[in-house]
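Per-entry structural report
The primary structure of each chain is shown beneath.
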Amino acid sequence: MVKQGPWIKLDNFARSLAPGLITLLLILLSVMPTKIPGWSHIAPALVLMSVYYWAIYRPDLLPLPAVFALGLIQDVLAGTPIGINAFTLLVAYGLVVSQRRFFHGKSFGVVWWGFMLVAAGVMTLEWLVMSALMGSGPIDPRPALFSLMLTAVIYPAVATFFIAAHRVLPVPDH
């Protein structure tokens, strides 16, 4: 075994923070104000994309506590009830991690199909929880459906960014 110097260890540590920092950047991007009316209701679920990707390929670098913390940060910054995003991201993470062996070695089409299923389930769960919290009956599902479609359509472009970032991460210890 080759002994690593302090600079290599520091470099590997910094690279290992990439999944969490990328997800944090996507949270900030998703809460940035736009001039598009109603954008926050139909915006793509960028953070879900990140959690899904890293849960499959590098859950060691985006562990459960980090997903929870990132979900809480998203709740605070987006103004959603505290715990909604944390809960739904944890559900997504748990689903994906439990099935990650299935996704390894599969084509991008299979991974994308899996993302669409997870996104549909998680976004439906979020809609149900938000409807229950409103207390006045179900909220209009059309914005959530549009957000789901937009999320599914742009996943390949966003995943390309994750794939590029993944290439510079340190090799996992086995």
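Residues numbered from 1 in each chain as written. Predicted model: local features only at pLDDT ≥ 70, side-chain atom pairs only at ≥ 80, totals over all residues. Heavy atoms only, no water.

Here we take up the packing of helix α5 (residues 64-78) against helix α6 (residues 84-103). Two elements in contact, α5 and α6, have axes separated by 7 Å at closest approach and are oriented at 145°. As α5 packs across α6, the resulting crossing turns out to be right-handed. Each of L64, V67, F68, G71, L72, Q74 and D75 in α5 lies in contact with α6, whose residues at this interface are I84, N85, A86, L89, L90 and Y93. Here the contact of α5 with α6 is built from residues that sort into nine nonpolar, three polar and one charged. (Axes fitted to C-alpha atoms, helices over the stretch in contact; angles between N-to-C directions. Helix = DSSP H or I, 4+ residues; strand = E, 2+ residues; numbered from the N terminus. Left-handed = near helix turned anticlockwise from the far one by under 90°. Contact = heavy atoms within 4.5 Å. Nonpolar A, V, L, I, M, F, W, Y, C, P; charged D, E, K, R; others polar.)

Note on placement: A69 falls in helix α5. A residue is classified by how much of its surface remains accessible, and A69, at 35% relative accessible area, is partly exposed. In sequence terms A69 and A18 are 51 residues apart; their C-alpha atoms lie 15 Å from each other. (Buried < 20%, exposed > 50% of the residue type's maximum accessible area, 1.4 Å probe, protein only.)

Below, the discussion takes up the packing of helix α2 (residues 18-31) against helix α4 (residues 46-57). Remark: α2 packs on α4, axes separated minimally by 8 Å, with the N-to-C direction vectors making an angle of 165°. As far as their axial angle goes, α4 and α2 are roughly antiparallel. For the pair α2 and α4, the crossing hand works out as right-handed. For the pair α2 and α4, the contacting residues are P19, I22, T23, L26, I27, L29 and S30 in the first and L46, V47, S50 and W54 in the second. A breakdown of the residues in the contact of α2 with α4 according to their chemical character gives eight nonpolar, three polar and no charged. (Parallel < 35°, antiparallel > 145°, perpendicular 65-115°, else oblique.)

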